[in-house]
Amino acid sequence: MRKSLGMATLDQGKELPKVIEFIEFCIVSRGGWKVFPIRAAKMYRFFFWLVRRKNLGRSWASVLPYKRAVVRWAQSWQRDPFEVITPQLRDHLRKCFKNAVHEVVMQPKIMLSDELFIAIWEVLSDEDESEFVDKNILMVYKIAGFRAASLALGSDRRRWARVVRIKHVKFLPSRADPQRAFALLPQTKTRPGCWQPVGHVISRNPDPESERCAVKRLLKQVELRERGGASRDDVLFSNPRTGKPYSKNVLNARLKSLIDRVASRWIGDTRLPGKPSDFFSAVSFRKAVLTRLKEGGLSPTQIATYADHKSIQSQMAYVCETFQAAGDTAAVLYERL
């Protein structure tokens, strides 16, 4: 059976397990649903189960790999694998799953403090190429506050159009004396068209001797890629461990592993219910930058422009209370680094 199923899938290694999981779900689900025929209600029920059981996320996009695998397999013998599903049936299925399946509570992510960032920085070495690249990308996120899918390759449909490439970074007034870096974001979450790129200026650390400077790390990353033979059209950040573009998943995994390496699992006499990294992800950099700008005295409209938000209200998901000192923007962002 596995052999016949595999021949009907596009990629046996990736799609076959998803098809088998769908079949097993139909067999063991309540009421003992028959696998055949494949109907919309059955697929939707499978999707709800995946989203909650596997913690895939809140978007339906997270189940698309399963949908494609099952539909390709079903279309090999069933001409139309779906019937029309009514809004009433969809609502009925949602209510059934709320009663039958425990909701997955998404842990809100908090901002990355300067102290935690410095602790991470100290355990990384420039001698190791992989850690060298880690330091470069983490420093830029720490100061620029880009969305995760800007420097790292995201998982959405526009991931290749959104990622920053070598040609998108310029140093002003020159490479020999880089006071600022100009990064062009070819596309963003709020500006999907390539005719609306977003320019972003990153200032260097006011302390010229500090290695914790986003402009210096960007320059080092560009020079590293050029020495490796990368062209101007290649992505700016490549993962030395695999030779592939540095991805958002790798960014989150590396950040979490480093946090667990340096952070304590205890707050006073209380042990955290999970790992310290459960409270952080790449969005923690963005939260920290926008909060620092708020405490630095920038107006909501200035912050919205800096973050490329559609509206001022978008800041509310990021900006939180801190006790950082006010002052010049660069000085605020680089304070204690």
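Scroll up for the structure.
Cut-offs applied
Residues numbered from 1 in each chain as written. Predicted model: local features only at pLDDT ≥ 70, side-chain atom pairs only at ≥ 80, totals over all residues. Heavy atoms only, no water. Core = buried A, V, L, I, M, F, W, Y, C linked by side-chain atoms within 4.5 Å. Buried < 20%, exposed > 50% of the residue type's maximum accessible area, 1.4 Å probe, protein only. Helix = DSSP H or I, 4+ residues; strand = E, 2+ residues; numbered from the N terminus. Contact = heavy atoms within 4.5 Å. Salt bridge = Lys/Arg side-chain N within 4 Å of Asp/Glu carboxyl O. Pairing = 2+ DSSP bridges. Axes fitted to C-alpha atoms, helices over the stretch in contact; angles between N-to-C directions. Expected span 1.5 Å × (residues − 1). Arc of directions from axis to C-beta.

Engineer: Is there a simple way to explain the nonpolar core in this structure?
Structural biologist: When a protein is soluble and globular, its nonpolar side chains tend to lie buried together. In terms of nonpolar packing, the biggest core is built from 55 residues, with L138, F146, L151, I202, L236 and L251 touching the most fellow members. Sort the elements by how many residues they give to this core and helix α7 (residues 129-144) lands first, with 9 residues. Ignoring any residue separated from it by four or fewer positions in sequence, one finds L138 in contact with F117, I120, L124, L251, L255, L258 and F285.

Engineer: Sorry, what's going on with the pattern of salt bridges here?
Structural biologist: One side chain can pair with another of opposite charge once the charged atoms of both are near each other. Considering all chains together, one arrives at 15 salt bridges under this definition. Across the pair R241 and D134 runs a salt bridge whose closest N-O atoms are separated by 2.7 Å. Pair noted here: R241 is in the loop between α10 (214-227) and α11 (248-262) and D134 is in helix α7, with a separation of 107 residues, a long-range link. For R241, a relative accessible area of 38% puts it in the partly exposed group. A salt bridge links E226 to R175; its shortest N-O distance comes to 2.8 Å. Here E226 is found in helix α10, whereas its partner R175 is found in the loop between β1 (169-173) and β2 (178-185), with 51 residues between them in sequence. A single network of salt bridges, built from pairs that share partners, joins D126, K135, E211, K216, R217 and K220.

Engineer: Explanation requested: the sheet that holds β1 in the structure shown.
Structural biologist: By way of backbone hydrogen bonds, the strands of a sheet pair with one another, either parallel or antiparallel. Overall, antiparallel pairing links the 3 strands, which are arranged β1-β2-β3 in an open sheet. Each end of this open sheet is capped by a strand with a single partner; those strands are β1 and β3 (198-203). This sheet shows a mean twist of 25° between the axes of neighbouring strands, independent of strand direction.

Engineer: Teacher, can you tell me more about helix α4 (residues 64-75) here?
Structural biologist: One full turn of an α-helix is made of 3.6 residues, so residues set three or four places apart face in the same direction. For α4, spanning 12 residues, the distance from its first C-alpha to its last is 16 Å, which sits close to the expected 16 Å at 1.5 Å a residue. Those residues of α4 not exposed but buried are Y66, A69, V70, V71, W73 and A74.

Engineer: Explain helix α13 (residues 300-307) here, please?
Structural biologist: Along α13, the positions that sit buried rather than exposed are I303, A304 and A307. Down the axis of α13, the smallest arc covering the buried residues is 100°, so these residues share one side. Check the buried side of α13 and you find it contacts α12 (283-295).

Any functional reading would require information beyond the geometric quantities listed.
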